[in-house]
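Here is what each chain is made of, one letter per residue.
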Amino acid sequence: MNHLIAPSLLSADFSHLAQDIEMINRSEADWLHLDIMDGVFVPNISFGFPVLQHVAQLCTKPLDVHLMIVQPEKFIPEVKALGAMMMNVHYETCTHLHKVVGGIHDAGMKAGVTLNPATPVCLLADIVRDVDMVLLMAVNPGFGGQKFIEHTIDKVHELRELIAKTGSKAVIEVDGGVNLDTGRRLVEAGADVLVAGNAVFKAADREAMIRKLKEL
Ligand code: DX5
Ligand code: ZN
């Protein structure tokens with residue numbers, strides 16, 4: 001498939017959220033990526049469900065929700081109530097990951113499992129068939145605008161092999177430090193979905209940047 005682009009709302013102008021969401025609606029973006037943080041699993045807090053309910057009402061693109069929180073299974077009903085298409089939980093936060101993935105599916109959403117930069121791809125061997133997406137973090141989660149960790153390219157190759165070997169249908173998403181250069185190399189390595197925060201929202205022409213990222 002052609003790769004997809006999911007701009008991350010974390011880098012938007014929170015004083016003009018409606019305008020930024022309308023820009024996403026007009027653009028060629030495929031999904032909107034929403035980063036929820038708890039100040040525990042990651043050293044930052046972004047926005048929570050009261051804000052995201054308004055975002056969800058305005059946004060016409062499928063919502064890709066990335067939960068950087070402990071005990072993410074507690075919030076399956078809240079994520080579902082947003083009308084989310086995809087719910088991503090971190091491997092590092094789920095002792096009973098298979099059960100959490102089942103709970104997300106039972107709620108009618110697609111399930112993604114996310115790996116921190118230091119968490120190896122091989123740990124997914126017994127779950128990759130059960131998930132719809134694997135989200136590889138290319139930065140340590142918690143903040144936008146960080147430098148891309150080069151080893152992520154190797155992880156995309158490794159994950160492609162694991163997906164092929166196991167017959168998994170999972171797509172590969174990469175999040176953190178994505179720009180025109182790293183994005184092109186990720187797509188060449190086999191990434192299906194690119195999340196982009198600063199690259200999109202700090203660009204002079206944000207819709208043109210989304211188009212350029214799609215054309216990589
Ligand atoms: C970081 C978030 C990312 C962030 C990416 O913890 O998960 O989605 O918004 O921002 P950039 O693209 O600026 O690295
Ligand atoms: Zn994210």
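Everything numeric in this text was worked out from a predicted model, so none of it was measured.

Participant: Describe the coordination of the zinc ion (ligand 2), and please don't skip the residues or the numbers.
Facilitator: The coordination sphere of the zinc ion (ligand 2) contains the protein donors His33 (NE2), Asp35 (OD), His66 (ND1) and Asp175 (OD), at a distance range of 2.0 to 2.3 Å. In this structure, the zinc ion (ligand 2) is coordinated by six donor atoms arranged in octahedral fashion, with angles at the metal of 70 to 167 degrees.

Participant: Pulling in residues and values, what's your account of the site of ligand 1?
Facilitator: In the vicinity of ligand 1 there are 19 residues, among which Ser8, Gly142, Gly145, Asp175 and Gly197 approach most closely. A distance of 2.7 Å separates an oxygen atom of ligand 1 from a polar side-chain atom of serine 8. Measuring from an oxygen atom of ligand 1, one finds a backbone N or O atom of glycine 177 at 2.8 Å. Surface burial for ligand 1 is 99%, taken as the share of its 380 Å² of free accessible area covered by protein chains.

Participant: Help me get a handle on the environment of glycine 112, residues and values and all.
Facilitator: By the secondary structure assignment, glycine 112 is in strand S5 (residues 110–115). In sequence terms glycine 112 and glutamate 150 are 38 residues apart; their C-alpha atoms lie 22 Å from each other. In this structure, glycine 112 is in contact with Met86, Met87, Asn88, Val89 and Met133, ignoring residues within four places of it in sequence.

Participant: Help me get a handle on the pairing of strand S1 (residues 4–7), residues and values and all.
Facilitator: Remark: a regular strand shows side chains that alternate across the two faces of the sheet. Taking every second residue as pointing to the same face, both faces of S1 are buried, with Leu4 and Ala6 on one and Ile5 and Pro7 on the other. Both S1 and strand S8 (residues 193–196) contribute to a ladder of four bridges, which runs parallel. Across the sheet, residue leucine 4 finds its bridge partner in S8, namely valine 193.

Participant: Give me the lowdown on the environment of glycine 190, citing residues and values where you can.
Facilitator: With respect to the secondary-structure elements, glycine 190 resides in the loop between helix H6 (180–189) and S8. The exposure class of glycine 190 is buried, given its relative accessible area of 14%. As a C-alpha pair, glycine 190 and glutamate 161 span 29 residues in sequence and 10.0 Å in three-dimensional space.

Thresholds, definitions, all that
Residues numbered from 1 in each chain as written. Chains lettered and ligands numbered in written order. Predicted model: local features only at pLDDT ≥ 70, side-chain atom pairs only at ≥ 80, totals over all residues. Heavy atoms only, no water. Donors = N, O, S within 2.8 Å, 3.2 Å for Na, K, Ca; no water. Tetrahedral: all angles 85-135°; square planar, octahedral: opposite > 155°, others 65-115°. Near = heavy atom within 4 Å. Polar contact = N/O pair within 3.5 Å; in protein donor to acceptor, adjacent residues only side chain to side chain. Areas by Shrake-Rupley, 256 points an atom, 1.4 Å probe, with all protein chains shown as cover. Helix = DSSP H or I, 4+ residues; strand = E, 2+ residues; numbered from the N terminus. Contact = heavy atoms within 4.5 Å. Buried < 20%, exposed > 50% of the residue type's maximum accessible area, 1.4 Å probe, protein only. Pairing = 2+ DSSP bridges.

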